[in-house]
Amino acid sequence: MSDITYLPGKEPHEKEHRLIFKNVDRKGWNTKIKTYLKEGGYEMAKKALKMEPQEVINEVKASGLRGRGGAGFPTGIKWGFIPPNNTKPVYLICNADESEPGTFKDRYILHQDPHQLIEGMVISAYAVGAHVAYIYIREEFPEAAITLEKAIADAKKNGFLGKDIQGSGFDLEIYVHRGAAAYICGEETGLIESLEGKRPYPRIKPPYFPAAIGLYMAPTIVNNVESLCHVVHILRMGGEEYVKLGTPRNSGTRIVCVSGDVKNPGFFEIEVGKVTFEELLYDMCGGPRDGRKLKAVIPGGSSSKILRCNETFKIGRGEDAKEMTFWQLPLDFDTLAAAGSMAGSGGVIVMDDTRRMSWVLNNITHFYAHESCGQCTPCREGSTWMKKVSDRIEDGKATPNDVQVLEDIAYQIDGKTVCAFGEASAWPVEAMIDKFRDELVGETSDENDTRSAERVAQEQFLSAVQ
Amino acid sequence: MSSKIEVPRPRSIDRSKLSYVRLHAPEVREAPKPLMIDRSSAAYSSAQPSVLEKNVHSPVTPGAVHFPLFKVTPSLQKAADKRIAQYPDDQRRSAVLPLLHEVQHRHGFISPESIEWVAKKLDIAAIKVVEVVTFYPGFRQKAPGKLHFRVCRTLSCAMGGSYELMAKLCELTGIDRDLADAHKDPISVSPCGNYSVEYAECLASCGTAPVCLVNDDFHEGVTPEKAEGLIAQYES
Ligand SMILES: Cc1cc2nc3c(=O)[nH]c(=O)nc-3n(C[C@H](O)[C@H](O)[C@H](O)COP(=O)(O)O)c2cc1C
Ligand code: SF4
Ligand code: FES
């Protein structure tokens, strides 16, 4: 569409393929429903309401859409998990808690294009049979919460929400629910507990898979903001057509968010798997700042494993296995998984050669120590220990053995916790030590005192008593 | 054993400097007496120290002058009823967070009286509100300044200079962050009560680092040099 122009300096890069972000930073665009309707808004909701719910689900299944919230689970399949003999009400929740460090995509949809999300939610709610939907939005988006409530009221006035939407007999109410600055509310079962008015202690799976036992113990579908917006475009293009975008098993577009040490950080909507790290970081982001070299990249939010820029990977199995340098890796779910990391939430954090890895590690461990919900011991205690040990390393007060201690702690959290936060906090530490062990050990010294402050005081005490 | 040896104290800690001690004045407790509970006595059924007294501490800060004391007004009642209506009738508890937001928005922080009101309004025990208030960093237990700065401290912003931004803000506003603690006491208020600062975790705008929130307004690309201009924006 050639008549779309963007604000100066905000034009999409030529390698981008804008679906979801078509209206972000667009000239003359605003959050009014009139603007959205002029562009053919809510047509897809009307179309969906004339289809059978199962047809909509099939369309989404055919599209191969994978969740954009972090886990990359196929959305159509998730929708199919609602028990067929269910008698309870079904709920749809939009996860707008965007708080994975490095990720900043949902922010723009919520602030600039709320109706796209609402349309996606109408379609999705119809498909899964939900009559009440909640948007769980993080507390730090106060403006977006107001924008959304206004948009919901407008949509209701125009007959796209409320009772008997567009004469189809389908009812839907959407409510905005604000969180309160806790990262763990992004985890879907933690989010549900929080929505029930409790502390967001994640529930154990099984049995608490939200699609079977979720909000108020009823079947609940939790989807990320971006995932729900994709549904609109899947209906518009048809699943068959949508799946042609991107690469097999990694269909569609996704928004990658680049931050850190590049000349032009920002968001880019790309076809999944069609852009490599070299194209992303050099062509689209302008490469490193002058006189610096790129050192390491966190590819999918701070929970994903860090990659070194001078690494080579073996991607594929058996005959098909290929050697690939870091720069040749395409950004898709499967390749990044094969490279030992993950595409996660699409937050790419770049570090150049001026960064000390112990400092980076320390910043990350502080985040996880602050955000652990404290429900299970390995995560609660482990995240704090990791913080303390990394404090020591960063301060130059550690001994070489501390690096080993840190690694041991991480491996004792990984896989032993109620929710995936355990992995999220342990993986970055494991990977950092794996890839930068020499650098970290280099900052330690055998000379350093291994005794704790308490121990020193105790020894003084004992020697005085004798 | 003779007690003549002079024993050095293991470590001297100036307890008045520890934030949690300042917050939680030491309880004076009597040694418990063994007692047989007489369940029929009036003393048994009469008020025990409430859960609020034991668990909620709202130290008075210089910022308190900027916020009205908690009072149930018709507008608060109306806003609360609207929020409660968002949830199924048998799930009123879901409205805990929205109601606390309504209170905090009007009164700056969550006081024991407001917790009591929320609990009554939703027909739940006060402890169920207290557990929420004490868990979420988004709920404040003491009054912030008139301008509350929340500076993102996570990786991308830290690389962009948010720690320096925080230092600059503290310098400009005369805030002493030495006693701040990420868990126990994240908010530091300036002596004049006009400003307060706090570190936030990733505010989801890493591409425009460093970023911060001033009350409900979001600011991006706030390098330490822009700190002065940022404050000036609100001074007029
Ligand atoms: C610790 C943790 C934090 C998470 N944070 C978020 C988040 O901020 N936003 C989000 O959409 N999903 C987040 N998720 C993923 C959700 O649990 C869930 O998988 C997702 O919302 C499902 O939506 P999708 O299928 O559309 O991706 C998080 C998961 C974990 C384990
Ligand atoms: S893994 Fe961590 S965040 Fe998840 S439930 Fe356990 S303590 Fe809470
Ligand atoms: S790191 Fe500051 S906004 Fe993400």
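What you are looking at is a predicted structure, and each value in this text was computed from that prediction instead of being measured.

Draft legend 1. Structural detail: the site of ligand 1. Residue and element names in this part refer to chain A. Around ligand 1, the structure places 18 residues, and the nearest of them are Gly69, Asn95, Asn223, Asn224 and Ser227. In this structure, Lys78 approaches ligand 1 through a side-chain N or O atom, which is 2.9 Å from an oxygen atom. Between an oxygen atom of ligand 1 and a side-chain N or O atom of Asn95, the distance comes to 2.9 Å. Compared with its free state, where it exposes 610 Å², ligand 1 has 91% of that area covered by protein. Of all the cavities here, the one that holds ligand 1 is the second largest pocket.

Draft legend 2. Broad picture of helix α9 (residues 225–237) of chain A. Residue and element names in this part refer to chain A. Between its first and last C-alpha, α9 extends 19 Å over 13 residues, near the 18 Å set by a 1.5 Å rise per residue. Listed as buried for α9 are Val225, Glu226, Ser227, Leu228, Cys229, His230, Val231, Val232, His233, Ile234 and Leu235. Positioned one or two residues after α9, Gly238 has a phi angle of 85°, which is positive.

Draft legend 3. Up close: the sheet that holds strand β7 (residues 253–260) of chain A. Residues and elements named next belong to chain A. A sheet is described by the order of its strands in space; here five strands give the open sequence β8-β7-β13-β9-β10, paired in mixed fashion. Either end of the sheet is taken by a strand with one partner, and the two such strands are β8 (266–271) and β10 (307–308). Bridge count between strand β9 (residues 294–298) and strand β13 (residues 347–352): four bridges; the pairing is antiparallel. Paired with Ile298 across the bridge in β13 is Ile349.

Draft legend 4. Representation of the sheet that holds strand β2 (residues 130–137) of chain A within the structure. All names here are of chain A. Reading across the sheet, the four strands line up as β3-β2-β1-β4 and stay open at both edges, with parallel pairing between neighbours. Because the sheet does not close on itself, it has two edges, and the strands there are β3 (173–178) and β4 (220–224). Shown here is a sheet whose adjacent strand axes are inclined to one another by a mean of 20°, direction ignored. One ladder, built from seven bridges, connects strand β1 (residues 90–96) with β2; its direction is parallel. Note on β2: the bridge partner recorded for Tyr91 is Val132.

Draft legend 5. Region of interest: the site of ligand 2. Taken together, the neighbourhood of ligand 2 is formed by 13 residues, with A:Cys373, A:Gln375, A:Cys376, A:Cys379 and A:Cys419 sitting nearest. Under a 2 Å grid-point criterion requiring more than half of the atoms, the pocket assigned to ligand 2 is the largest cavity.

Draft legend 6. Representation of the pairing of β9(A) within the structure. All names here are of chain A. Counting buried residues along β9, five of its five residues qualify, which places the element largely inside the surrounding structure. The pairing of β9 with β10 spans two bridges and is classified as antiparallel. Residue pairing across strands places Ala296 opposite Arg308, the latter belonging to β10.

Draft legend 7. Geometry of the domain arrangement of chain B. All names here are of chain B. Per the domain assignment, the segments making up chain B are domain 1 (49–135) and domain 2 (147–235). Here the C-alpha centre of domain 2 lies 26 Å away from the C-alpha centre of domain 1. Carbon and sulfur atoms supply 58% of the area that domain 1 and domain 2 bury against each other, a total of about 330 Å² over both sides. At the junction of domain 1 with domain 2, the criterion picks out two residue pairs in polar contact (both at pLDDT 80 or more). Its residues placed into classes, the side of domain 1 that touches domain 2 shows one nonpolar, four polar and no charged.

Each value, and the rule that gives it
Residues numbered from 1 in each chain as written. Chains lettered and ligands numbered in written order. Predicted model: local features only at pLDDT ≥ 70, side-chain atom pairs only at ≥ 80, totals over all residues. Heavy atoms only, no water. Near = heavy atom within 4 Å. Polar contact = N/O pair within 3.5 Å; in protein donor to acceptor, adjacent residues only side chain to side chain. Areas by Shrake-Rupley, 256 points an atom, 1.4 Å probe, with all protein chains shown as cover. 1 Å grid on protein atoms, 1.4 Å probe; cavity = no way out; pocket = protein on both sides within 12 Å on 5 of 7 lines; lining within 4 Å. Sits in = over half its atoms within 2 Å of the grid points. Helix = DSSP H or I, 4+ residues; strand = E, 2+ residues; numbered from the N terminus. Expected span 1.5 Å × (residues − 1). Buried < 20%, exposed > 50% of the residue type's maximum accessible area, 1.4 Å probe, protein only. Pairing = 2+ DSSP bridges. Axes fitted to C-alpha atoms, helices over the stretch in contact; angles between N-to-C directions. Domains from an automatic or database assignment. Buried area = accessible area lost by both parts, 1.4 Å probe. Nonpolar A, V, L, I, M, F, W, Y, C, P; charged D, E, K, R; others polar.

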